Amino acid sequence: MWFKNLKIYRLASSWKCTPDTLESALAQQAFKPGGSSDMQSLGWIPPREDSGLVYALDGQYLITLRAEKKLLPTTVINQFAKAKAQEIEEQQGFKPGRRQMKEIKEQVTDELLPKAFSIYRDTRVWLDTRNHWLIIDAAASAKCDEVLGLLAKCLDSFPVSPLYVEASPAAAMTEWLISDEAPQSFSIDQDTELRSTSDSGATVRYVRQSIEIDDVRKHVQTGKQCTRLAMTWADRVSFVLTEALDVKRVAPLDVLKEGQDTSSHNEAEQFDSDFTLMSGELARLIDALVDALGGERKQDVAA
């Protein structure tokens, strides 16, 4: 249930959407397996087997985007295209030119696609309508673009923008290391990355090892900044913060797990309990992180 990565976006406070309205909107782009000639298809699926396309609980919505992609490696296409080109060369007496080779590859691709295996990838999305956040559980920007692009197709007006803060995350993390003092309610863990701001891109990584203050200062003097920093919030959630304000490797700590009574829960009740715990804790974590970075920098949220 817990999101492992947080790509954080701001929803305009003016955006209002009931679960039923959102359900109807997403139904326009519900997932359907791609046809024999489709390399990829996208669509919404239920976040859990017995729910609709929107799982809603106390103003928190959970939706899931499914991407289907055909496994057809370029090496396979080239192999079949080469064999096809040799046949054509024998027939016409000369090698196919560049334009003809392009046509051969397209023909081979069309022939192989119906036989290709499909792989599925699901991306979960959490909409916090109380605090006006949209969170995508994804490490790559391309997956976020898929989610936002399909939401824009489903909704007439969807005012959303990236989260902007007053302080540069890289500068703030560097200062926390130099001063050996984390912001209130946070602690610094062992994984750290410092990268040069010059074109060289020289990078130093500390994995499962604390970095000494003197070492930090030496690296900063040579033009490096902290670009990744492992942290813990309130002894409850651990994560890695990046210079792009991405939150990665999110994990609830034992204090949260121990506080849950799961003995009397059936599967549906457990899902409700897990989602309530996750959304509540991560909403507070995001608020604390924004405060630690100087507060939110207001931007115009485009519809």
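A short tour of the structure in this document, coming up. Note that the coordinates shown come from a computational prediction; the quantities given were computed from them, not determined experimentally.

Considering the pattern of salt bridges
No. 1: Tallying each qualifying case throughout the model produces 12 salt bridges.
No. 2: Here Glu146 and Arg121 are joined by a salt bridge, their closest N and O atoms 3.2 Å apart. You can see Glu146 sitting in helix α4 (residues 141-154) and its partner Arg121 sitting in strand β5 (residues 117-128), a full 25 residues away along the chain.
No. 3: Here Arg121 falls in the partly exposed class, since its relative accessible area comes to 27%.

Here's the deal with the packing of helix α5 (residues 169-179) against helix α6 (residues 213-221)
No. 1: Two elements in contact, α5 and α6, have axes separated by 8 Å at closest approach and are oriented at 140 degrees. Taken together, the axes of α5 and α6 are oblique relative to one another. Facing Thr174, Leu177 and Ile178 of α5, the residues of α6 in contact are Ile213, Val216, Arg217 and Val220.

Focus: a negative patch on the surface
No. 1: Together, Glu103, Glu106, Asp110 and Glu111 make up a region of like negative charge exposed at the surface.
No. 2: Here Glu106 is to be found in helix α3 (residues 98-112).
No. 3: Among the residues examined, Glu106 registers a relative accessible area of 43% and is labelled partly exposed.

With respect to the state of the cysteines
No. 1: All chains considered together, the criterion is met by zero disulfides.
No. 2: No disulfide involves Cys154; its sulfur sits 11 Å from the nearest other cysteine sulfur, which is in Cys17.
No. 3: We classify Cys154 as buried; its relative accessible area is 5%.

Some thoughts on the nonpolar core
No. 1: With 42 residues, the main nonpolar core has Phe239 and Leu282 as its most contacted residues.
No. 2: Elements represented by at least two residues in this core include exactly β6 (133-136), α5, β8 (186-196), β10 (224-233), β11 (237-242), β12 (247-252) and α8 (267-292).
No. 3: Excluding residues within four positions of it along the chain, Leu282 makes contact with Trp2, Leu6, Trp126, Val237 and Val250.

Thoughts on a nonpolar patch on the surface
No. 1: Taken together, the side chains of Leu71, Phe117 and Ile119 present a nonpolar region at the surface, about 330 Å² in accessible area.
No. 2: Secondary-structure assignment places Leu71 in strand β4 (residues 60-71).
No. 3: By relative accessible area, which is 46% here, Leu71 ends up partly exposed.

Considerations on helix α2 (residues 74-92)
No. 1: Over its 19 residues, α2 extends 26 Å from the first C-alpha to the last, a length consistent with the 27 Å expected when each residue adds 1.5 Å.
No. 2: If you check which residues of α2 are buried, you get Ile77, Ala81, Ala85 and Ile88. Each buried residue of α2 lies within a common arc of 65 degrees when the element is viewed along its axis, so the set occupies one face. Turned more than 90 degrees from where α2 packs its buried face, Thr75, Gln79, Lys82 and Glu90 sit exposed.
No. 3: Directly after α2, the chain includes Gly93, whose backbone phi takes a positive value near 85 degrees.

Cut-offs applied
Residues numbered from 1 in each chain as written. Predicted model: local features only at pLDDT ≥ 70, side-chain atom pairs only at ≥ 80, totals over all residues. Heavy atoms only, no water. Salt bridge = Lys/Arg side-chain N within 4 Å of Asp/Glu carboxyl O. Helix = DSSP H or I, 4+ residues; strand = E, 2+ residues; numbered from the N terminus. Buried < 20%, exposed > 50% of the residue type's maximum accessible area, 1.4 Å probe, protein only. Axes fitted to C-alpha atoms, helices over the stretch in contact; angles between N-to-C directions. Parallel < 35°, antiparallel > 145°, perpendicular 65-115°, else oblique. Contact = heavy atoms within 4.5 Å. Patch = residues over 30% accessible without salt bridge, like charges linked within 9 Å, V, L, I, M, F, W, Y side chains within 5 Å. Areas by Shrake-Rupley, 256 points an atom, 1.4 Å probe, with all protein chains shown as cover. Lys, Arg positive; Asp, Glu negative; His and termini not counted. Charge placed at Lys NZ, Arg CZ, Asp CG, Glu CD. Disulfide = S-S within 2.5 Å. Core = buried A, V, L, I, M, F, W, Y, C linked by side-chain atoms within 4.5 Å. Expected span 1.5 Å × (residues − 1). Arc of directions from axis to C-beta.

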